[in-house]
Amino acid sequence: PKTNVDAHRPKELAPSVVHSCEHGKSMAEASRTSEARRDAVFARWVIFSPARSRRPTDLKSHGPANPSPGPDDGAPKPSCPFCLGRESECAPEIFRVPPPDASPPWRIRVIENLFPALRREAAPPAPEDEEPVGAGECAVRGFGFHDVVIETPHHEVRLWDLDAEGVRDVLLAYARRVQQLAEHPAVKYVQVFKNQGASAGASMAHSHSQMLGTPFVPPSVTSRLNCMKEVFERSGKCSLCVVPSKDILVSETHNFSAFVPFAASYPFEIWIVPRQHSSYFHETDQDKV
């Protein structure tokens, strides 16, 4: 099922699990490689990646929460590799919109992350491996995909500055990349996320978002799926297809509803849900955006 911009693949989670006590690696050696660890208390997965500490930043931790440039400082940052004309300074490109043979310059680029949390060149989990039932602490190899979606070629433009067509193209770029990742047999879950501003963890001011393709499904996603299954088995209704009451409805279009969830977990939380029942985000096309 699709929640926000999550994409959950309907297959059993079967990563190559190695108990931490049987790793055969010292802590010093483990600290140099990317690894996904699950603890025995919350059963949550946490990615440990030393490469992330080496990423460059033009947003300092003491900087403003909103790094958007003002009218007098909108010039492209000299060191920004995401700007138009600096493509050679980025990690390898996966695809661009429009494609390279088109005459207009690119509007969106999807590239590999130069400082990935998970590594695509790492050996993927063996399909015959299964997670031990009742296992406590465990760790899996740091295999996965970590991509960057550069939402605009212009340094001073933010996602909310784009017109409806521009935002649509960003969403379709997400869907296209999710579809590509879903075809990899070891990818069980794809997460699209955006950190806006230094306080949210962004390191680059140029408008961008990120995507992670992981060999495991986060417990919170499994919990949501199981809860929705229980509701459907009892009532025959999809939890997200139920029309929200007008007092929590924020906005509505032909294809989407935006509303405040009944049990919001933080201020200003809003869900954007397709009005037509759809199980996968990557099934989104131009007619559904």
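Residues numbered from 1 in each chain as written. Predicted model: local features only at pLDDT ≥ 70, side-chain atom pairs only at ≥ 80, totals over all residues. Heavy atoms only, no water.

By the naming in an unreviewed UniProt entry, the protein chain goes by Galactose-1-phosphate uridyl transferase N-terminal domain-containing protein and is assigned to Aegilops tauschii subsp. strangulata.

1. A few points about the packing of aromatic side chains
Counted under the stated rule, the structure contains 2 aromatic pairs. Centroid distance phenylalanine 143 to phenylalanine 145: 5.7 Å. Interplanar angle 80 degrees. Geometry classified as edge-to-face. Side by side, phenylalanine 143 and phenylalanine 145 carry an identical accessibility label, which is buried. When the ring centre of tryptophan 106 is taken as origin, the NZ or CZ atom of arginine 109, which lies over that ring, is 5.6 Å away. Lying across the ring of phenylalanine 95, arginine 176 places its NZ or CZ 3.9 Å from the centre. (Phe/Tyr/Trp six-rings, centres within 6.5 Å; stacked < 30°, edge-to-face > 60°. Buried < 20%, exposed > 50% of the residue type's maximum accessible area, 1.4 Å probe, protein only. Lys NZ or Arg CZ within 6 Å of the ring centre and 35° of its normal.)

2. Focus on the side chain of histidine 206
Counting through the fold element by element, histidine 206 comes out in the loop between β9 (189-193) and β10 (208-214). At 2.6 Å, the side chain of histidine 206 and the backbone oxygen of threonine 152 are in polar contact. Excluding anything up to four places from it in sequence, histidine 206 contacts Cys80, Phe82, Cys83, Ile150, Thr152, Pro153, His154, His155 and Arg158. (Helix = DSSP H or I, 4+ residues; strand = E, 2+ residues; numbered from the N terminus. Polar contact = N/O pair within 3.5 Å; in protein donor to acceptor, adjacent residues only side chain to side chain. Contact = heavy atoms within 4.5 Å.)

3. Overview of the UniProt feature "binding site: Zn(2+)" (unreviewed entry) in the protein chain
Those places that UniProt annotates as "binding site: Zn(2+)" (unreviewed entry) correspond, in this numbering, to Cys80, Cys83, His155 and His206. For this annotated set, covering 127 residues, all C-alpha atoms fall within 8.1 Å of each other, a compact arrangement in space. Note on placement: cysteine 83 falls in the loop between β4 (45-48) and β5 (93-97). For histidine 155, the location among the structural elements is in the loop between β8 (145-150) and α2 (164-182). (UniProt positions renumbered as here; feature names shortened; annotations may be inferred.)

4. Thoughts on helix α3 (residues 219-235)
Here α3 contains 17 residues, and its C-alpha end-to-end distance of 24 Å stays within 8% of the 24 Å for a straight helix at 1.5 Å per residue. For α3, every residue scored as buried is listed here: Val221, Leu225 and Met228. Projected down its long axis, α3 shows its buried positions confined to an angular sector of 65 degrees, all on one face. Those residues of α3 that are exposed and angled more than 90 degrees off the buried face are Glu233 and Arg234. Looking at the residues trailing α3, positive phi occurs at glycine 236, about 75 degrees. (Expected span 1.5 Å × (residues − 1). Arc of directions from axis to C-beta.)

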